[in-house]
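Architecture and fold: a report
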Amino acid sequence: MGETIIKIEHLDKTFGAGDGTVEALKDINLEIEKGEIFGIIGLSGAGKSTLVRCINLLERPTAGKVTVNGQELTALKEKDLRKARRSMSMIFQGFNLLMQRTALENICFPLELSGLRGEKGWREKRAKELLEMVGLPDKADAYPVQLSGGQKQRIAIARALAEYPQPQVLLCDEATSALDPTTTQSILELLKRINRELGVTVVVITHEMRVVEQICDRVAILDKGVIQEQGAVSDIFSNPRTEAGRRLVMPSGEKIHVLPENRLVRLAFNGAASGEPIISTLAREQGILLNIISADTRTIGDKSFGTMVLGLPQDETEAARALIYLRDIPGVTAEEVTDLVQ
């Protein structure tokens, strides 16, 4: 384990009272390491956005502790809390740009609010440096209405980094949900570069497994306000231990209709070399035929990610040979499963 920058202990968040009480978060325990990209994933209504707002205390937890950089935020008075919050910035699905301000003026806004007495030219110089970093040096005078969704999010990221001093944590609440796949990819690459070059810890809140697998080091799965499992992305993706994890890893979360006598094996591709024809190679080299029951795989760079469910041969000897072959493939985890059959 590296140095912990965010520690959440036994956090609860309840809304309402009496018969109208809603338990949004229940006994949340998390440790996020300095300099990592950490994912919090769950379906709609899981409590993700409430959790991220509890991290920076925009929502005050009903119970539990939130510690950031060694400071227990939940114990601070409002004045000290405002100061401590400066170490964290947030970006949102809806961008939240000021429509009446240019891109440059949007980025300058946090510097104006900081109360720094520096020259106006200093603020603009810093904003232009950040425009360069996010790849939009020519959009300084553009208003949000003149920008695409991806460009708006880049400006929002630049504005988040303009906090003074530079934030140590960037909280991303569904930051790519409103974007198309190509634009999403470019924003994720930008976040990875910011993490790598500036050392900013990035917390990604999302409902999309593909976002987690492309950018995150570790992930926590949130379901109905409870963390169901957490760990390295490759471990969670290749071997989800809970029903919530399996719903996210499998494309639809639905049961698969197969004959009762079929044995199934789930392949999880967590960085296997792409272009390897596994099924045809198994048939050609071993003489073993497998049925593809379902597949949801994608190629990122020269690596394959995703899952595939295969029907094993009826013959026990052939099934055993197939499992040995599949389990020997680098970057692929193969496990026999029974919980997918309806």
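Presented here is an overview of the structure given in this document. (Residues numbered from 1 in each chain as written. Predicted model: local features only at pLDDT ≥ 70, side-chain atom pairs only at ≥ 80, totals over all residues. Heavy atoms only, no water.)

A few points about the sheet that holds strand S3 (residues 37–41)
Taken in spatial order, the six strands make up an open sheet running S6-S7-S8-S3-S9-S10, and their pairing is mixed. Looking at which strands have only one partner, the edges of the open sheet turn out to be strand S6 (88–92) and strand S10 (226–232). The mean inter-strand angle of the sheet, taken between neighbouring strand axes irrespective of direction, is 15°. Sheet topology note: the strand S7 (residues 169–173)/strand S8 (residues 201–206) ladder contains five bridges and is parallel. Its bridge partner lying in S8, Leu171 is registered against Val203. Lying over the sheet, helix H5 (residues 149–161) contacts S6 and S7, oriented at roughly 170° with respect to S6. (Pairing = 2+ DSSP bridges. Helix = DSSP H or I, 4+ residues; strand = E, 2+ residues; numbered from the N terminus. Axes fitted to C-alpha atoms, helices over the stretch in contact; angles between N-to-C directions. Contact = heavy atoms within 4.5 Å.)

Focus on the sheet that holds strand S4 (residues 63–68)
Taken together, four strands build an open sheet; the order of strands is S2-S1-S4-S5 and the sheet is antiparallel. Each end of this open sheet is capped by a strand with a single partner; those strands are strand S2 (22–33) and strand S5 (71–72). Sheet analysis places S4 next to S5, joined by two bridges and oriented antiparallel. Considered in S5, the bridge of Thr67 is made with Glu72. Running over the sheet, helix H1 (residues 48–55) touches strand S1 (4–15), S2 and S4 and is turned about 120° from S1.

Comments concerning a nonpolar patch on the surface
On the surface, Met99, Tyr143 and Val145 cluster together into a nonpolar patch covering about 320 Å² of accessible area. In this fold, Met99 is placed in the loop between S6 and helix H3 (103–113). (Patch = residues over 30% accessible without salt bridge, like charges linked within 9 Å, V, L, I, M, F, W, Y side chains within 5 Å. Areas by Shrake-Rupley, 256 points an atom, 1.4 Å probe, with all protein chains shown as cover. Salt bridge = Lys/Arg side-chain N within 4 Å of Asp/Glu carboxyl O.)

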